[in-house]
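# Survey of secondary and tertiary structure
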Amino acid sequence: MVKLIGIPFDKKSSFLQGPALAPARIRQVLHDGGSNYWTEKLQNPIEHKDFSDAGDLNVDVYEDIEKELKKVLLPGVKLLSLGGDHSVTYPLIKAYKEVYGAFDILHIDAHGDLYDAFDGDPHSHACPFARIMEEGLAARLVQVGVRTLNPHQLAQARHFGVEQITMLDFEEKWRSLKFNRPLYISMDLDGLDPAFAPGVSHHEPGGLSTRQVLDIFHHVDAALIGADIVEYNPHRDVSGMTAAVAAKLLKELAGKMV
Ligand code: MN
Ligand code: MN
């Protein structure tokens, strides 16, 4: 069973608020008739019998996320989660570890999100992958699209054995992406170039095209057990363009999960 959920939470954002509004906006674009439900590989995951929309988690404070996830992530369930800022991925992966055991993570992002703490908060949206790696929750973490490293985050990546395909070596390396365990994909929309996805809190030029992200999804053939799409900020969007990108990525990811 694939369940779509929304996690309307942005209290761990360091710079701007807005991603709490994302789940509703992305669903709206998914269903508004501007596009159809078919994936590029001619599947219709949204109307598939094994796909359902479980609505939004009831989240007020950060700790609620983990509690609420326990109610929906039951054995046999795969979650497609709409964030929320990227802080939601740590409780998601924690819940996944209990249900799924060993799995790999493909993390697409402009940022490593590996800070030990940011503005004094170890659960900031700049930190989830530090928490995930120090608790050994992922068998492998592969980051793609990173273009904001600093000495601290590079040291963290080396310390935790994080594999990175940065924008500097993307063209050369992306086709070598290969996973041998079940896979979880964490999609931060700012991994895309802001020309393609302006509706994010942190504009970081020099990123991936929508096409390149879709090609990565289609290229990776491991069993997809879960995915999240995070950091959509409607306040920064232009003509709903980023919501349309998010809805498209949602559809293609759902196609890989049903
Ligand atoms: Mn992120
Ligand atoms: Mn980011």
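For the structure itself, look to the data block above.
Calculation notes
Residues numbered from 1 in each chain as written. Chains lettered and ligands numbered in written order. Predicted model: local features only at pLDDT ≥ 70, side-chain atom pairs only at ≥ 80, totals over all residues. Heavy atoms only, no water. Helix = DSSP H or I, 4+ residues; strand = E, 2+ residues; numbered from the N terminus. Rg over C-alpha atoms; globule rule 2.2 N^0.38 Å. Buried < 20%, exposed > 50% of the residue type's maximum accessible area, 1.4 Å probe, protein only. Contact = heavy atoms within 4.5 Å. Areas by Shrake-Rupley, 256 points an atom, 1.4 Å probe, with all protein chains shown as cover. Lys, Arg positive; Asp, Glu negative; His and termini not counted. Charge placed at Lys NZ, Arg CZ, Asp CG, Glu CD. Donors = N, O, S within 2.8 Å, 3.2 Å for Na, K, Ca; no water. Arc of directions from axis to C-beta. Core = buried A, V, L, I, M, F, W, Y, C linked by side-chain atoms within 4.5 Å. Pairing = 2+ DSSP bridges. Right-handed = clockwise from strand over helix to strand, strands pointing away. Salt bridge = Lys/Arg side-chain N within 4 Å of Asp/Glu carboxyl O.

## What to know about the overall build of the chain
A count of helical and extended segments in the chain gives 8 helices and 8 strands. Computed over the C-alpha atoms, the radius of gyration of the chain is 16 Å, within 12% of the 18 Å expected from 2.2 N^0.38 for a compact globule of 258 residues. Going through the 258 residues of the chain one by one, you find that 58% of them count as buried. Nonlocal contacts in the chain, meaning residues at least 24 apart in sequence, comprise 76% of its contacts between residues at least 6 apart. Accessible area for the chain stands at about 10,400 Å²; split by element, carbon and sulfur atoms hold 53% of it. Charged side chains in the chain number 26 positive and 36 negative. The centres of these two groups are separated by 5 Å.

## A word on the coordination of the manganese ion (ligand 2)
Around the manganese ion (ligand 2), the protein contributes the donor atoms D109 (OD), H111 (ND1), D188 (OD), D190 (OD) and D190 (OD), at 2.2 to 2.4 Å from the metal centre. Of note, the donors binding the manganese ion (ligand 2) are all from one chain and are spaced D-x1-H-x76-D-x1-D. The metal-metal distance between the manganese ion (ligand 2) and the manganese ion (ligand 1) comes to 3.2 Å, with D109 coordinating both. Within this pair, whereas H111 is found in the loop between strand 4 (104-108) and helix 4 (128-134), its partner D188 is found in strand 7 (residues 183-188), the two being separated by 77 residues in sequence. No difference in accessibility class separates H111 from D188, as the two residues are buried.

## A look at helix 7 (residues 210-219)
T210, V213, L214, I216 and F217 are the residues of helix 7 that are buried. Projected onto a plane normal to the axis of helix 7, the buried residues spread over an arc of 155° and lie on a single side. Buried residues in helix 7 make contact with strand 4, strand 5 (140-144), helix 6 (170-173), strand 7 and helix 8 (241-257).

## Re the coordination of the manganese ion (ligand 1)
The coordination sphere of the manganese ion (ligand 1), as far as protein atoms go, consists of H86 (ND1), D109 (OD), D113 (OD) and D188 (OD), spread over 2.1 to 2.2 Å. Using a relative accessible area of 0% as the deciding quantity, one classes H86 as buried. Taking the relative accessible area as the measure of exposure, D188 reaches 2% and is therefore buried.

## A closer look at the nonpolar core
Within the largest apolar cluster, 46 residues are counted, with the highest numbers of intra-cluster contacts made by L106, V144 and L249. When near neighbours in sequence (up to four residues on either side) are disregarded, V144 contacts L106, H107, I108, D109, I165, F170, L177, L208 and I216. Core analysis: the second largest hydrophobic core is formed by 34 residues, Y62, L69, L73 and F103 among them.

## Details of the pairing of strand 2 (residues 51-56)
The pairing of strand 1 (residues 2-6) with strand 2 spans 4 bridges and is parallel. Each bridged residue has a counterpart across the sheet, and for L4 the counterpart in strand 2 is D53. The β-α-β motif built from strand 1, the intervening helix 1 (residues 22-31) and the parallel element strand 2 has right-handed crossover chirality.

## Quick word on the pattern of salt bridges
Taken as a whole and judged by the stated rule, the model has 17 salt bridges. Here D169 makes a salt bridge to K173, at a shortest N to O gap of 3.2 Å. Overlapping salt bridges, with partners in common, bring together E40, R211, D215 and K248 in one network.

## Details of the environment of F9
Locating F9 in the fold gives a position in the loop between strand 1 and helix 1. The class of F9 is buried, set by a relative accessible area of 2%. For F9, the residues in contact, after removing those within four places along its chain, are A20, V59, D60, V61, Y62, I65, G84, D85, S87 and V88.

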